Each structure stands twice: as C-alpha cells, then as structure tokens.
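# Summary of the model geometry
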Amino acid sequence: MTIDLGTPSLLSPEEADKAVLLAAPRGYCAGVDRAVVTVEKALDLYGAPVYVRKQIVHNKHVVADLESRGAVFVEELDEVPAGETVVFSAHGVSPAVHRQAQERELKTIDATCPLVTKVHHEAKRFADDDFDILLIGHAGHEEVEGTAGEAPEHIQLVQSPADVANIVVRDPARVAWLSQTTLSVDETLETVAAIRERFPLLLDPPSDDICYATQNRQLAVKEIARDSDLLIVVGSGNSSNSVRLVEVALEAGAKASYRVDDASEIDETWLDGVRSVSVTSGASVPEALVEGVLSYLAERGFPDAKAVHSAEESLIFSLPKELRRDLKAAGRS
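Reading the values: rules and limits
- Residues numbered from 1 in each chain as written.
- Predicted model: local features only at pLDDT ≥ 70, side-chain atom pairs only at ≥ 80, totals over all residues.
- Heavy atoms only, no water.
- Helix = DSSP H or I, 4+ residues; strand = E, 2+ residues; numbered from the N terminus.
- Buried < 20%, exposed > 50% of the residue type's maximum accessible area, 1.4 Å probe, protein only.
- Contact = heavy atoms within 4.5 Å.
- Areas by Shrake-Rupley, 256 points an atom, 1.4 Å probe, with all protein chains shown as cover.
- Lys, Arg positive; Asp, Glu negative; His and termini not counted.
- Charge placed at Lys NZ, Arg CZ, Asp CG, Glu CD.
- Pairing = 2+ DSSP bridges.
- Axes fitted to C-alpha atoms, helices over the stretch in contact; angles between N-to-C directions.
- Phe/Tyr/Trp six-rings, centres within 6.5 Å; stacked < 30°, edge-to-face > 60°.
- Lys NZ or Arg CZ within 6 Å of the ring centre and 35° of its normal.
- Polar contact = N/O pair within 3.5 Å; in protein donor to acceptor, adjacent residues only side chain to side chain.
- Salt bridge = Lys/Arg side-chain N within 4 Å of Asp/Glu carboxyl O.

### What to know about the overall build of the chain
If you tally the helices and strands in the chain, you get 10 helices and 12 strands. Counting the 333 residues in the chain, one finds 53% classified as buried. Of the contacts made within the chain by residues no fewer than 6 positions apart, 75% connect residues no fewer than 24 positions apart. For the chain, the computed accessible surface area is about 14,500 Å², with 50% contributed by carbon and sulfur atoms. Between the averaged position of the 32 positive side-chain charges in the chain and that of its 55 negative side-chain charges there is a distance of 4 Å.

### Focus on the sheet that holds strand 7 (residues 155-158)
In space, the three strands of this open sheet follow the order 7-6-8, with parallel pairing throughout. The open sheet has two edge strands, strand 7 and strand 8 (175-179), and neither has a second partner. Averaged over all neighbouring strand pairs, the angle between strand axes comes to 30 degrees, with direction disregarded. Here strand 6 (residues 132-136) pairs with strand 7 via four bridges, running parallel. Within strand 7, the position partnered with L134 by the bridge is Q156.

### Here we look at the packing of aromatic side chains
With the rule as written, the count across this model stands at two aromatic pairs. On the basis of an interplanar angle of 50 degrees and a centroid distance of 5.9 Å, the ring pair of F126 and F131 is categorised as tilted. On the numbers, 4.0 Å between centres and 5 degrees between planes, the contact of Y258 with W270 is stacked. Of this pair, Y258 sits in strand 10 (residues 257-260) while W270 sits in the loop between strand 10 and strand 11 (276-281), and the two are 12 residues apart along the sequence. Overall, the relative accessible area of 18% leaves W270 in the buried class. K18 extends its terminal NZ or CZ atom over the ring of F302, reaching a point 4.4 Å from the ring centre. If you follow R174 out to its NZ or CZ, it ends over the ring of F131, 4.3 Å from the centre.

### Thoughts on unusual backbone geometry
Outside of glycine, negative phi angles account for most residues, and trans bonds account for most peptide bonds. Of note, the amide linkage connecting A24 to P25 takes the cis form, showing an omega dihedral of 10 degrees. You can see P25 is positioned in the loop between strand 1 (19-24) and helix 1 (30-46). The step from A48 to P49 runs through a cis peptide bond, and the omega angle for that step is 0 degrees. In this structure, P49 sits in the loop between helix 1 and strand 2 (50-53). One non-glycine residue, K54, lies in positive phi territory at about 65 degrees. With respect to the helices and strands, the residue K54 is situated in the loop between strand 2 and helix 2 (60-69). On the accessibility criterion, K54 (11% relative accessible area) is buried. Positive phi is not limited to glycine here, since D130 has a value of about 65 degrees.

### Regarding the side chain of R217
The topology assignment puts R217 in helix 7 (residues 212-225). R217 sits in the buried class, given a relative accessible area of 1%. Within the structure, the side chain of R217 is placed 3.0 Å from the backbone oxygen of G27, a separation counted as a polar contact. Within the local environment of R217, its side chain forms a polar contact with the backbone oxygen of Y28, the two atoms lying 3.3 Å apart. Those residues in contact with R217 that lie beyond four places of it in its chain are P25, R26, G27, Y28, C29, L245, S281, A283 and E313.

### Focus on the pattern of salt bridges
All chains considered together, the criterion is met by 23 salt bridges. D65 is paired through a salt bridge with R69; the nearest N and O atoms lie 3.0 Å apart. Taken together, the positions of D65 and R69, both in helix 2 and four residues apart, correspond to about one turn of that helix. Judged by its relative accessible area of 44%, R69 falls in the partly exposed class. The partner of E299 in a salt bridge is R300, with the nearest N and O atoms 3.4 Å apart. In this structure E299 comes out as exposed when scored by relative accessible area, which is 63%. Within the structure, one salt-bridge network assembled from shared partners comprises R53, K54, E75 and E76.

Set out below in structure tokens:
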C-alpha cells in the first residue's frame, strides 16, 4: 500500500490504536544482495571451504547461514591457506590487502560494493591531484580502512564536527572530502558544513557518497517516525546503517526506538502503553527477520502491517567479474 506522504498523519483515527507501520524500502540493498549471492555461488561452484575476509556483510544471521554452507570467515589473509579462494567483503579492502593476496597466491573474488569502489576511485583521483582528503567516517570500520588505504599519506579521518578544529592541512585551498557510504545523511552534512567553515574552498566529491540505499532507508524512517510510539530497527550492532536508523528515528519524532537482531531480542515491556509500532531494517538484513518481528507483534495483538512506500529501488549490480568468468567457463552463467 502506498501512502500519501503529504498527509499530516499516516494513520487514520480508526487505525491509531494498535497500528503497525512497515517502512519501504528496507532490508537488502543491491550491494549486499550481490555480496551474499557471490559467496553462495562461489560455494556452489568451487565447493567448501570458501574463505571470506571479514563478515561479508554486517549481519550475524547472514554470516551464520553462510558458515553452515561451508564459508569460513577470517579476520586477515594469513588465516587463509595458500592457494585457496577468498572473497573480499562488501565493505572493500585496501591495495595492501590485494597485494598480500597476490603474494600468498590466493584466488580472490572482490565483492566490494560498486558504490564503495566509486569512493576508492575518488580517493585515488584526489590524491593524484595532491589534495588533502578529509574522510568522514567511523574509526575501525572496514569501509573506512579500505578507503584510507587507497591514499594513506593524503587521507585523515574526521568522525564528527568536534574533530574539525584539530584538522591540519598543507594547503587550505587544496582540501577535499569523502565519506563512508553508510553514515547518516544529516550527520555527514553537519560535518561537511563545519569543515567548509574552516576551509571555504573545500572540494566536494563528484557525487554524493552516501549510498542510495542508506538515504532511502533513512527517508523511509523519517516518514513513519512521527506516527511511532515505538520504532523497531532490525539489524546487527556492527551494522553502521542499522545503528543510524535508530538515531534518525528518534531525531524525526519517534517516542522510542530500539535495534534488534531478531524478534527474540524484543523486550515485551517496550510495548507497554504503545499504540503504534513501526518496523524497518538495515541494508544487510534478510526479510525473514522482519517477518519474525511482525509475527511477534501479531501474537501480541498488533494487526497486519501497513506498508509506507517512500522510494522505489530497482538497482541491480552484476556479480564480480572473477566469478562471472568462472561461472561462464563451467557453463553456469
């Protein structure tokens, strides 16, 4: 069901008691779908084990399912036996990791999201032009580590507006910014504004680095938050975009918002006195986990969910070229 987003409330007076709103879009984005399918097809084609550096996507249920099929998740490449197949996660890796894989004669399949690859290319271009690059993101996140590795001598991390005062650059006229793709749009723009105040000639990337899926899921949450006594975000704790959705919900007017990996983590006391519940999920969450939350709510007297569509998504990414080549050779393309 599509709702007119211009109406003051998404719920009629009759619907306002024990109502459930379901955000759309939600769940898997094109990059996550591509990464998960890459591991599944690699297992089918090459057989187990197929090694994966880091979590293929930030969702513990997806990782557990792939492990049950024969995927082996490792933190670093030195855990992979020489000559074996390894998949790089959707978050991307640095050139140093590619070099290490080559040195160890590993067969690599690069499942980096194409939107992350775009940011890597931008980092290299800015570095080639000798700009200082301010990378907005979170320390320790795999995507940030991969992007920073493209031009480590040119890139410095900026985590929030509070960091801006401590930025040191060589030439204030040659400064550019990039960002982690899974941040809150509002959070990123606030940091960019603070940077621009210090460096008025700040150069923007050629296009917005916050990925379409992150933006769409945040927009969907903003549309339903004002009608939500409780907004549940399905997603894992290490999923940056899932964690941001909770923050976006609260900022947009939800009375309460919590993140859960699945329905088993819902605290029933959250429902005390609640009339309207909204549900969404991060970009690495299978729809079955959302259905589990909706079933949990139905068992407690909440009706079928009312879908609220704020954007349509039709983007599909092709599988990594290495895998496409081998599938074709095996007659499975």
